[in-house]
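What follows is the residue order along each chain.
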Amino acid sequence: MATQPEDWLDDIPAPEEEEDDEIIWVSKSEIKRDAEILKKLGAEMVDLSKNELERIPLDSQLLEAIELAQRIKREGRRRQLQLIGKLLRSRDIEPITEALDKLKNRHNQQAVFFHKLEDLRTRLIEGGDEVIEDVVALFPHTDRQQLRALVRNAKKEREGNKPPKAYRQIFQYLKELSESA
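Keep in mind it's a predicted model, so treat the numbers as computed, not measured. Every chain begins its residue count from 1, and numbering advances along the sequence as written. Under the rules for a predicted model, residues below a pLDDT of 70 receive no local features and side-chain atom pairs below 80 are neither given nor counted, while totals for whole chains, interfaces and linings still include all residues. Water and hydrogen atoms were dropped before computing side-chain values, which therefore reflect all heavy atoms in the structure.

> Pulling in residues and values, what's your account of helix 6 (residues 94-127)?
In this model, helix 6 (34 residues) spans 48 Å end to end at C-alpha, consistent with the 50 Å of a helix rising 1.5 Å per residue. Relative accessibility decides the category of a residue: with a 1.4 Å probe and only protein chains considered, values under 20% of the type maximum give buried, values over 50% give exposed, and everything between is partly exposed. Counting from the N terminus, the helices are the DSSP runs of H or I reaching at least four residues and the strands are the DSSP runs of E reaching at least two. Among all positions in helix 6, only I96, A99, L100, L103, L117, L120, R121, L124 and I125 are buried. Following helix 6 by one or two positions, G128 has its phi on the positive side, about 95 degrees. Given a helix with a known number of residues, its expected span is that number minus one, times 1.5 Å.

> Provide a residue-level description of unusual backbone geometry, including the pertinent values.
In the Ramachandran plot, R74 falls in the positive-phi region, its phi being about 55 degrees despite a non-glycine side chain. Assignment of secondary structure puts R74 in helix 5 (residues 74-89). Of the residues examined, R74 reaches a relative accessible area of 77% and is grouped as exposed. Residue N161 is not a glycine yet carries a positive backbone phi of 55 degrees. Mapped onto the secondary structure, N161 falls in the loop between helix 8 (144-159) and helix 9 (165-180).

> Describe in detail the pattern of salt bridges, supporting the description with residues and values.
We define a salt bridge as a side-chain nitrogen of Lys or Arg found within 4 Å of a carboxyl oxygen belonging to Asp or Glu. The final tally for this structure, using the stated rule, is eight salt bridges. Its salt-bridge partner being R148, residue E133 comes within 3.9 Å of it at the nearest N-O pair. Linking E133 in helix 7 (residues 129-138) with R148 in helix 8, this pair joins segments that are 15 residues apart in sequence. The class for E133 is partly exposed, based on a relative accessible area of 34%.

> I'd like a rundown of the packing of helix 8 against helix 9, residues and numbers included.
Simply put, an axis is a line fit to the C-alpha atoms, just over the touching stretch for a helix, and the angle between two N-to-C directions goes from 0 to 180 degrees. Contact geometry of helix 8 with helix 9 gives a least axis separation of 7 Å together with a crossing angle of 150 degrees. Here helix 8 runs over helix 9; the crossing is left-handed. Residue-level contacts link Q146, L147, L150, V151, N153, A154 and E157 of helix 8 to K165, A166, Y167, Q169, I170 and Y173 of helix 9. Classifying every residue of the contact of helix 8 with helix 9 by side-chain character gives eight nonpolar, three polar and two charged. Should the near helix be turned anticlockwise from the far one by less than a right angle, the crossing is termed left-handed; should it be turned clockwise, right-handed. Between two residues, a contact is recorded if the distance between any of their heavy atoms is within 4.5 Å. Under the scheme applied, nonpolar residues are Ala, Val, Leu, Ile, Met, Phe, Trp, Tyr, Cys and Pro; charged residues are Asp, Glu, Lys and Arg; polar residues are all the others, including Gly.

> Before we move on, can you summarise the packing of aromatic side chains with the specific residues and values?
Here is the rule: rings of Phe, Tyr and Trp (six-membered ring for Trp) pair when centre to centre is within 6.5 Å. Planes less than 30 degrees apart are stacked, more than 60 are edge-to-face, and the remainder are tilted. Applying the stated rule across the entire model yields two aromatic pairs. With centroids separated by 6.1 Å and ring planes inclined at 45 degrees, the aromatic side chains of F113 and F114 adopt a geometry described as tilted. The exposure class assigned to F114 is partly exposed, which follows from its relative accessible area of 23%. Relative to F171, the ring of F114 has its centre 5.7 Å away and its plane inclined at 70 degrees; by these criteria the two rings are edge-to-face. Here the residue F114 occupies a position in helix 6, and F171 occupies one in helix 9, the gap between them amounting to 57 residues. Judged by relative accessible area, which is 12%, F171 ranks as buried. An aromatic cluster is present here, built from F113, F114 and F171 joined pairwise through their rings.

> How would you summarise the nonpolar core if you had to cite specific residues and measurements?
Nine residue types can take part in a nonpolar core, namely buried Ala, Val, Leu, Ile, Met, Phe, Trp, Tyr and Cys, and a core is a set of them joined through side-chain atoms within 4.5 Å. Membership of the largest hydrophobic core comes to 20 residues, with the highest contact counts inside it found for M45, I56, I84 and I96. Listing elements by their share of this core, those giving two or more residues are helix 2 (28-46), helix 4 (60-71), helix 5 and helix 6. Every residue in contact with I56, bar those within four places of it in the chain, is listed here: M45, L48, I96, A99, L100 and L103. Ranked by size, the runner-up nonpolar core spans 19 residues in total, among them I125, L150, A154 and L174.

> Give me the lowdown on helix 5, citing residues and values where you can.
Taking 1.5 Å per residue, 16 residues should reach 22 Å; helix 5 reaches 23 Å between its end C-alpha atoms and fits that length. Listed in full, the buried residues belonging to helix 5 are G76, Q80, L81, I84, G85, L87 and L88. Each element contacted by the buried residues of helix 5 is listed here: helix 2, helix 4 and helix 6.

> Tell me about the environment of S27, and please be specific about residues and values.
Inspection of the secondary structure puts S27 in the loop between helix 1 (5-9) and helix 2. S27 gets classed as partly exposed once you look at its relative accessible area, which sits at 36%. At 3.1 Å, the side chain of S27 forms a polar contact with the backbone nitrogen of E30. In protein, a polar contact requires one atom able to donate a hydrogen and another able to accept it; more generally it is a pair of N or O atoms within 3.5 Å, and residues adjacent in sequence count only if both atoms are side-chain atoms.

Structural data, given as structure tokens:
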């Protein structure tokens, strides 16, 4: 009993009957670029401190891999970073990148804030009483006498080419005032 050629053709759908599934082709280069981006993201996380890592939403497997990479040196570290990149491929990295951006941004905001305090310190030393009034308006709980004494000492240090002890104390005092405000 030979089967007719038409019998086995009936099971194969005709070309117009196939669903229009859209196939997206990804080049090898693009896959490699994506893998490299994930490895760099993993390397950023490996460079973070333990406290900073706690602020990033990581599952236990990924966290263990990162902690292990922090302890490993040289070639083993490179391979561990590749593993971390591989683990990241199967995860949603958006929450991780957002948390990293927040950490970086917080650092940048702090740097900008410190620059503003340094500028205020310079204005205090060069300006005198009117700038002290501006500081009191900005921070109402300022001790004017202490601030005036620090400014006076900083001016003497600058004139006498002495180490800038009072200059640093002004910055610390302004920092304390801003933190308690």
